[in-house]
Amino acid sequence: LPIHVLNGPNLNTLGTRRPEVYGHTTLADVETNVRARAQTYGLEVVFEQTNWEGQLVDWIQRARTEACGIVINPAALTHYSVAVHDALEMCEMPVVEVHISNVHRRESFRHTSFVSPQATAVIAGAGVLGYELAVDVVARNLGLG
Ligand code: DQA
């Protein structure tokens, strides 16, 4: 089964949105890098982005039967979505929460995560490299690599 890489609100603007915080890499570049990393473990990738909470919930539910693991950057939904929390609670597979920026050195409203209690691992502040590191963590948890 593939790894599902799920991205939340505003991450479609990666590359132009606040580059001093999020860098110049686009989400398409992230997808290319993640696919290459996953391929080193023989893993396929389903890569998604949405600005809609319900769509993200649908994709998390789909992952329960169609994914070997989840890499998720829920973006702003991280900080308030009980729905995303509850959807992840049902997933019995490695789940890695990724934040491009170090949310802990930013505004206090970013210090709370409704996702971390459901995550196998949390990566924040490693820039877009965090997505590739998250693939490593999923693979290791699956006994690969
Ligand atoms: C983010 C951090 C969130 O606080 C923010 O709302 C985002 C992106 C990150 O990747 O650093 O949209 O998840």
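Residues numbered from 1 in each chain as written. Predicted model: local features only at pLDDT ≥ 70, side-chain atom pairs only at ≥ 80, totals over all residues.

A.B. asks: What is the right way to look at the sheet that holds strand 2 (residues 45–49) in this model?
C.D. replies: Sheet strands associate in pairs through backbone hydrogen bonding, adopting either a parallel or an antiparallel arrangement. Here we have 5 strands laid out as an open sheet, ordered 2-1-3-4-5, and parallel in their pairing. The sheet terminates laterally at strand 2 and strand 5 (121–124), the two strands that pair on one side only. With direction set aside, neighbouring strand axes in the sheet form an average angle of 15 degrees. Bridge count for strand 1 (residues 3–7) against strand 2 is 5 bridges, and the pairing is parallel. (Pairing = 2+ DSSP bridges. Helix = DSSP H or I, 4+ residues; strand = E, 2+ residues; numbered from the N terminus. Axes fitted to C-alpha atoms, helices over the stretch in contact; angles between N-to-C directions.)

A.B. asks: Which parts of the structure should I look at to understand the site of the ligand?
C.D. replies: Taken together, Asn-10, Asn-73, Ala-75, Ala-76, Thr-78, His-99, Ile-100, Ser-101, Val-103 and Arg-110 are the residues near the ligand. Looking at the shell around the ligand, its residues break down into 4 nonpolar, 5 polar and 1 charged. (Near = placed C-beta within 6 Å. Nonpolar A, V, L, I, M, F, W, Y, C, P; charged D, E, K, R; others polar.)

A.B. asks: I would appreciate a short explanation of helix 5 (residues 129–141) in the present structure.
C.D. replies: Since the α-helix packs 3.6 residues into each turn, any two residues three or four apart lie on the same face. Given a rise of 1.5 Å per residue, 13 residues ought to cover 18 Å, and the 19 Å separating the end C-alpha atoms of helix 5 matches this to within 8%. Every buried residue of helix 5 is accounted for by Gly-130, Tyr-131, Ala-134, Val-135, Val-137, Val-138 and Ala-139. Summarising the contacts, the buried residues of helix 5 are in contact with strand 1, helix 2 (27–39), strand 3 (69–73), strand 4 (95–99) and strand 5. Two residues or fewer past helix 5, Gly-143 is found with a positive phi of approximately 85 degrees. (Expected span 1.5 Å × (residues − 1). Buried ≥ 20, exposed ≤ 12 C-beta atoms within 10 Å, placed from the backbone. Contact = placed C-beta atoms within 7 Å.)

A.B. asks: Explanation requested: the environment of Arg-37 in the structure shown.
C.D. replies: Within the fold, Arg-37 resides in helix 2. With 18 residues separating them in the primary sequence, Arg-37 and Gln-55 have C-alpha atoms 26 Å apart.

A.B. asks: Could you clarify how one ought to interpret the UniProt feature "active site" (unreviewed entry) in the chain in this entry?
C.D. replies: The positions UniProt marks with the feature "active site" (unreviewed entry) are Tyr-22 and His-99. Look at the named residues: they lie 78 residues apart in sequence, but the longest C-alpha span between them is just 9.5 Å, so in the fold they bunch up. Checked against the element boundaries, Tyr-22 lands in helix 1 (residues 19–22). Among the residues examined, Tyr-22 registers 19 C-beta atoms within 10 Å and is labelled partly exposed. Not counting the four nearest positions on each side in its chain, Tyr-22 is found in contact with Leu-14, Arg-17, Ile-100 and Ser-101. Position of His-99 among the secondary structure elements: in strand 4. Residue classification places His-99 among the buried positions, given that 23 C-beta atoms sit within 10 Å. Excluding residues that lie within four positions of it along the chain, His-99 makes contacts with Asn-73 and Ala-124. (UniProt positions renumbered as here; feature names shortened; annotations may be inferred.)

A.B. asks: What should I look at first to understand the UniProt feature "site: Transition state stabilizer" (unreviewed entry) in the chain in this one?
C.D. replies: As annotated by UniProt and renumbered to match this structure, "site: Transition state stabilizer" (unreviewed entry) occupies Arg-17. With respect to the secondary-structure elements, Arg-17 resides in the loop between strand 1 and helix 1. Arg-17 has contacts with Asn-10 and Tyr-22, leaving out every residue within four places of it along the chain.

A.B. asks: I tried to follow the pairing of strand 4 on my own but got confused; where do I start?
C.D. replies: Each regular strand carries side chains that alternate between the two faces of the sheet. For strand 4, a buried count of 5 out of 5 residues is recorded, marking the element as mostly surrounded by other parts of the structure. Burial along strand 4 is two-sided: the residues Val-95, Glu-97 and His-99 and Val-96 and Val-98 are all buried. In the sheet, strand 3 pairs with strand 4 via 3 bridges, with the strands oriented parallel. Paired with Ile-72 across the bridge in strand 4 is Glu-97. Handedness of the crossover is the feature at issue here: the chain leaves strand 3, passes through helix 4 (residues 82–89), returns alongside strand 4, and the resulting connection is right-handed. (Right-handed = clockwise from strand over helix to strand, strands pointing away.)

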